[in-house]
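# Analysis of the macromolecular model
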Amino acid sequence: MADRLTQLQDAVNSLADQFCNAIGVLQQCAPPASFSNIQTAINKDQPANPTEEYAQLFAALIARTAKDLDVLIDSLPSEESTAALQAASLRQLEEENHEAAVRLEEVVSRGDGLLEKIQSALADIAQSQLRTRNAAPSQPSPAQS
């Protein structure tokens, strides 16, 4: 995701595109102007232009983009965010990070202890199984009899 300034620049570019497109479409659809009472049959036979619909469409697009711009501008850091405030925030984050690291080390230590206990128990089980197999007398299997 782009940073806020890039998003802001993209929104400004989008707004400029919408203004240019709106002007171009409105010029294209505008009815011809009359010059000194000279009317031609072509002007009278032209269908009605949807200029009003285009005007509403572009007005809505421009208004929505302007609102998006306002939201992006409001999300930028304020002038009140000084270096001292940023340093204090960083110190707080470093303290939280250190506390989390201590908790993580404790959990890892407990996990290592449990792992050692489990490995010891598995070794005891393996030794018991070996002793049981070695102590059991060899009996011929029923298939050999």
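The present account deals with the structure reproduced in this document. All residue numbers refer to position in the chain's written sequence, counted from 1. The predicted nature of this model means local features are confined to residues of pLDDT at least 70 and side-chain atom pairs, given and counted, to a pLDDT of 80 or more, with totals for whole chains, interfaces and linings taken over all residues. Remark: hydrogens and water are excluded; side-chain values derive from all non-hydrogen atoms of the structure.

## Regarding the overall build of the chain
Keep this limit in mind: For helices the rule is a DSSP run of H or I covering at least 4 residues; for strands it is a run of E covering at least 2, with both sets numbered from the N terminus onward. Throughout this description, buried means an accessible area under 20% of the type-specific maximum (1.4 Å probe, protein chains only), exposed means over 50%, and partly exposed covers the range between. Any two residues whose heavy atoms approach within 4.5 Å at even a single point are treated as in contact. Where accessible areas are quoted, they stem from the Shrake-Rupley method and a 1.4 Å probe; at the residue level, only the protein chains shown are allowed to cover.
Scanning the chain from N- to C-terminus turns up four helices and zero strands. Helices and strands in the chain line up, N terminus first, as α-α-α-α. Evaluated residue by residue, the chain yields a buried proportion of 8% over its 145 residues. Residue pairs in contact within the chain that sit at least 24 positions apart in sequence constitute 80% of those at least 6 positions apart. Counting only carbon and sulfur atoms, one obtains 57% of the accessible surface of the chain, whose full area is about 12,400 Å².

## So, the side chain of T65
Note the threshold: Counted as a polar contact is a pair of N or O atoms within 3.5 Å, where, for protein atoms, one must be capable of donating a hydrogen and the other of accepting one, and residues adjacent in sequence contribute only when both atoms are in side chains.
Tracing the backbone shows T65 in helix 3 (residues 51–75). Within the local environment of T65, its side chain forms a polar contact with the backbone oxygen of L61, the two atoms lying 2.9 Å apart. With residues up to four places along the chain from it excluded, the contact list for T65 reads A11, S14, L15 and Q18.

## Details of the environment of L69
Inspection of the secondary structure puts L69 in helix 3. Along the backbone, L69 and A11 are 58 residues apart, and their C-alpha atoms lie at a distance of 6.3 Å. For L69, the residues in contact, after removing those within four places along its chain, are L8, A11, V12 and L15.

That's the geometry; what it means functionally is another story.
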